[in-house]
Amino acid sequence: MIHYHVSFENPLTFYLQIQMTFEVAAEAAAPLELQLPAWRPGRYEIQNFAQKLQHVVLEDAASGEPLAARKITKDRWQLSGAAGRTVRVRYNFYAHQMDAGGSWLDETQLYLNPVQALLYVEGRQDEKCQLLLDIPEGWQIACGLPQRGPNTLEAQSFDHLADSPLIASPSLQYRNYEVQGLPFYVWIQGECPVDWPRLVQDFRAFSEEQLALFGSFPARDYHFLNQILPYKHYHGVEHLNSTVITLGPAELLMTEGLYKELLGVSCHELFHAWNIKSIRPAEMQPYDYARENYFRTCFIAEGITTYYGEYLLARAGVRTADQYFQELNTVLRKHFDDYGRYHLSVADASMDLWLDGYKPGVPDRKVSVYHKGALVALLLDLTLRQLSAHQRSLDDVMRQLWTEFGQTGVGYTEEDYVRVVNEVAGRDMQAYFDKFIYGTAPLEEPLNRVLGFVGCRLVIEENASASEGSYGFRAVLKNERTQVTDILPDSPAALALTVDDEVVAVNGRRVDMNLQTLLSDGADHHELTVFRQNRLLTVVLGTEAGQRFWPKITIDRLPAPTPEQRASFRQWLKQDF
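Every chain is numbered on its own, with residues counted from 1 as its sequence reads. Totals for whole chains, interfaces and linings use all residues, but because this is a predicted model, local features are given only for residues with pLDDT of at least 70 and pairs of side-chain atoms are given and counted only at 80 or more. With hydrogens and water stripped out, all remaining heavy atoms of the structure feed into the side-chain values.

**Student:** Which residues make up the overall build of the protein chain, and what values go with them?
**Tutor:** Starting at the N terminus, helices and strands are each numbered in turn, a helix being any DSSP run of H or I of at least four residues and a strand any DSSP run of E of at least two. On a plain count of helices and strands, the protein chain comes out with 16 helices and 28 strands. Values of the radius of gyration come from C-alpha atoms, whereas the globule rule sets the reference at 2.2 Å times the count of residues to the power 0.38. For 577 residues, the compact-globule estimate of 2.2 N^0.38 gives 25 Å, and the protein chain sits close to it at 27 Å. Each principal axis of the C-alpha distribution contributes one length, and for the protein chain these read about 85 × 65 × 45 Å. Counting across all 577 residues of the protein chain, residues that qualify as buried make up 58%. Burial classification: accessible surface area is computed with a 1.4 Å probe over protein chains only, and a residue below 20% of its type maximum counts as buried, one above 50% as exposed, and the rest as partly exposed.

This is how it looks when you write it as structure tokens:
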């Protein structure tokens, strides 16, 4: 068994003191290698956690004698001459990252994501691990790991340990509920008002809907670990039988806007307990924590989960159809605003998560696996429902993936997913994959067509903003300066402006929070004075009649649906039209 001990001397420094001890067989001849994870599941980019470690010491646990060790990569240590010894590794870890994938220490709590902070012995990842927390008396521990003694948690493997975040605090609140005999725990750390009866009712409703979809659950219990913060924040990360959600501002938790976010991210993260934590791509079976784990199916892992995260809230009756469409319209706006959808497929974007998937990146280069992934999931779901008169749907695809891969522990491939979709559809769906997964075909027409099956439609309206609709550029007020942030390719603005231009005047009139007014005088061209790289320039923007940009695309109900469309809507959303 590998033993870990976590303590802290002065929480004001944010440093945790971490010890790792393990025995080395007497016959072990080869050097050992210790690895700190370079990334964490749920965020597919190298994160270099080793930059948070201070003063790493490797020694004989019995004598304190230093052992022969050297660092061989930025996050890997090689240890020689340890045969027959009990090795102790000591170091300080800087816990000062408050988000759903981070770790935090202060006087009020210890919040730890083990994947950031704990080393493993190469080749011994499958051994049991024990984690002892040296915390003040009266502190409670919220974690998905079983507790084997006072402040002692036990994991079946390093992967189990790494994927089990914890919060230890004297002020944790929690409630629990059961679905099909399975216990679910909702933990809250933070000073906030909580309407527990409403929260538990809503959480139970979407948990029941998800369990009904899959038929069984991957774990014996589940923990929602919520960090409710005193400032604006939004983040969630999935784990084996838990999730960490960071949300704020705390005083607004039960208001419509923030409570909606809590429900959405919680439903999304619970769906991940099946989709990615159990139904896992072959490339991540098992995880390799030392390097990139490239995979082309994040449109399944994150795109389908993004679709179901909001859709199931409506299906469970937690959100109205109108509230669901508001969220769906946000996804539509984010997808259609980005012209990267013409340049990179959603499968290739899955690979590029490791490159720049979590940053805005250069203009119009990539597409979002979350947003396009959700829309192609909606397209597939409604297509399967239309082909089968609601006898089959994306639910059936997910159930088959759960049965074949989630319950067996076998990783799925791209080819497996294509096969399952074809089997559920009862026909060859290669055109769907060629156009929308591996290609960059537009989604407007196919989405509008399948939405008609459930009595809905895509509504395309002109952009009322003069800068966006007429000229194809966006600007924001930054430090009292009007700065160009986005320019559409092939728009009038693309011929005259560049990103970061500061617009100071229109037709000789000073720009002072009045850009849209100055551009809305009905003229077919405007003269803009701009600062570009600290040089003052004058450029001319011209527009052609009928030429419009950045239309507003939303989903709405048909004004006069047929009885069949009304019935179809109810079968899809479990709500009346």
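**Student:** Explain the layout of surface pockets to me, using residue names and the numbers behind them.
**Tutor:** Over the atoms, a rolled probe matching the size of one water molecule traces out where space is still vacant. Points on a 1 Å grid over protein atoms alone make up a cavity when a 1.4 Å probe fits among them but cannot get out, and a pocket when they form an open set with protein on both sides within 12 Å along at least five of seven lines; lining residues each have an atom within 4 Å of a point. Grid points are joined across faces, edges and corners, and a volume is the space filled by probe spheres set on the points. Here the second largest pocket defines a volume of roughly 460 Å³. Taken together, 17 residues make up the lining of the second largest pocket; nearest its centre are Gly 144, His 160, Ala 219, Arg 220 and Asn 241. Counted by class, the lining of the second largest pocket contains six nonpolar, six polar and five charged residues. Charged means Asp, Glu, Lys or Arg here, nonpolar means Ala, Val, Leu, Ile, Met, Phe, Trp, Tyr, Cys or Pro, and polar covers whatever is left, Gly included.

**Student:** Lay out helix α13 (residues 444-453) with the relevant residues and their values.
**Tutor:** Among the ten residues of α13, seven are classified as buried, and the element is accordingly described as predominantly covered. Among the residues making up α13, those that are buried are Glu 444, Pro 446, Leu 447, Val 450, Leu 451, Gly 452 and Phe 453. Where α13 is buried, its residues meet α6 (321-337), α9 (371-388), α12 (430-437), β21 (456-461), β28 (552-557) and α16 (563-573). Contact definition: two residues touch when any of their heavy atoms are within 4.5 Å.

**Student:** Any chance you could break down the sheet that holds strand β16 (residues 173-179) for me, citing the residues and the numbers?
**Tutor:** The pairing criterion for strands is at least two bridges between them, as found by DSSP. Pairing within the open sheet is mixed, and its five strands lie in the order β16-β17-β18-β20-β19. The two strands at the open ends of the sheet, each matched to only one other strand, are β16 and β19 (233-238). Adjacent strand axes in the sheet meet at a mean angle of 15°, parallel and antiparallel pairs treated alike. Judged from the six bridges that link them, β19 and strand β20 (residues 242-248) form a sheet pairing that is antiparallel. The partner of Val 237 across the bridge, within β20, is Val 244. Note on definitions: angles span 0 to 180 degrees between N-to-C directions of axes, and those axes are lines fitted to C-alpha atoms, for helices only across the stretch in contact. Of the strands in this sheet, β16, β17 (182-189) and β18 (222-228) touch helix α3 (residues 196-214), which is tilted by about 35° from β16.

**Student:** Kindly report on the pairing of strand β3 (residues 32-35), identifying the contributing residues and their values.
**Tutor:** Regular strands place side chains that alternate from one sheet face to the opposite one. Across four bridges, the pairing between β3 and strand β6 (residues 76-80) is antiparallel. Following the sheet pairing, Glu 33 is matched in β6 by Gln 78. Two strands pair when backbone bridges link them, and β3 and strand β10 (residues 120-121) are joined in this way by two bridges, in the antiparallel orientation. Considered in β10, the bridge of Gln 35 is made with Tyr 120.

**Student:** Requested: an account of the sheet that holds strand β9 (residues 109-112), with residues and values cited.
**Tutor:** Read across the open sheet, the four strands follow the order β8-β9-β15-β12; overall the sheet is antiparallel. At either margin of the open sheet sits one strand with a lone partner, and together these are β8 (104-106) and β12 (140-143). Recorded for the sheet is a direction-independent mean angle of 10° between the axes of neighbouring strands. Here four bridges tie β12 to strand β15 (residues 166-169), and the two strands are oriented antiparallel to one another. When the sheet's bridge partners are listed, Cys 143 is paired in β15 with Leu 166.

**Student:** Summarise empty space enclosed by the protein; cite the residues concerned and give the values.
**Tutor:** Enumeration over the complete set of coordinates arrives at two cavities of 30 Å³ or more. Considered as a void within the structure, the largest cavity measures approximately 70 Å³ in volume. Along its surface, the largest cavity is lined by His 335, Phe 336, Arg 341, Tyr 342, Lys 372, Thr 440, Ala 441, Pro 442, Leu 443 and Glu 444. Each residue belonging to the lining of the largest cavity can be placed in one class, and the counts come to five nonpolar, two polar and three charged. Considered as a void within the structure, the second largest cavity measures approximately 30 Å³ in volume. Every residue along the wall of the second largest cavity is listed here: Phe 299, Ile 304, Gly 373, Val 376, Ala 377, Leu 380, Tyr 417, Tyr 432 and Ile 437.

**Student:** Break down the packing of aromatic side chains for me, citing the residues and quoting the values.
**Tutor:** Under the pairing criterion, centres of Phe, Tyr and Trp rings, with the six-membered ring standing for Trp, must be within 6.5 Å; the plane angle then separates stacked pairs below 30 degrees from edge-to-face pairs above 60, leaving the rest tilted. Per the counting criterion, the structure on display carries 48 aromatic pairs. Between the aromatic rings of Tyr 185 and Trp 187, the centroid separation amounts to 6.4 Å while the plane-to-plane angle is 25°, which identifies the pairing as stacked. When its relative accessible area of 6% is taken as the criterion, Trp 187 is described as buried. Here, a charge over a ring means that NZ of Lys or CZ of Arg falls within 6 Å of the ring centre while also lying within 35 degrees of the ring normal. In this structure, Arg 280 is placed above the aromatic ring of Tyr 287, and the distance from its NZ or CZ to the ring centre is 4.0 Å. Its guanidinium or amino end placed over the ring of Tyr 339, Arg 341 lies 4.9 Å from that ring's centre, counting from NZ or CZ.

**Student:** A description of unusual backbone geometry should follow, citing residues and the corresponding values.
**Tutor:** Gly 248 connects to Pro 249 through a cis peptide bond whose omega is 5°. Inspection of the secondary structure puts Pro 249 in the loop between β20 and α4 (256-272). Looking along the chain, the bond that leaves Gln 285 and enters Pro 286 is cis, with omega of 5°. Considering the arrangement of structural elements, one finds Pro 286 in the loop between α4 and α5 (298-315). A positive phi angle is found at Asp 500, which is not glycine, with a value near 85°. Relative to the helices and strands, Asp 500 resides in the loop between β23 (481-487) and β24 (502-506).

**Student:** Which residues make up the side chain of Gln 97, and what values do they have?
**Tutor:** As for its placement among the helices and strands, Gln 97 is situated in the loop between β7 (86-94) and β8. Sequence-distant contacts of Gln 97, defined by excluding residues within four places in its chain, comprise Lys 52, Gly 102, Ser 103, Trp 104, Tyr 111 and Gln 116.

**Student:** Could you give me a rundown of the nonpolar core, with the residues and numbers involved?
**Tutor:** Working definition of a nonpolar core: buried Ala, Val, Leu, Ile, Met, Phe, Trp, Tyr and Cys residues. They are joined through side-chain atoms within 4.5 Å. Formed by 163 residues in total, the largest nonpolar core has its most connected members in Phe 22, Leu 110, Tyr 417 and Trp 572. Discounting chain neighbours no more than four positions away, the residues touching Tyr 417 are Phe 299, Ile 300, Ile 304, Leu 380, Leu 394, Val 397, Leu 401 and Phe 433. In this structure, Tyr 471, Val 484, Ala 496 and Val 511 belong to the second largest nonpolar core, which totals 18 residues.

By themselves these figures say nothing about function.
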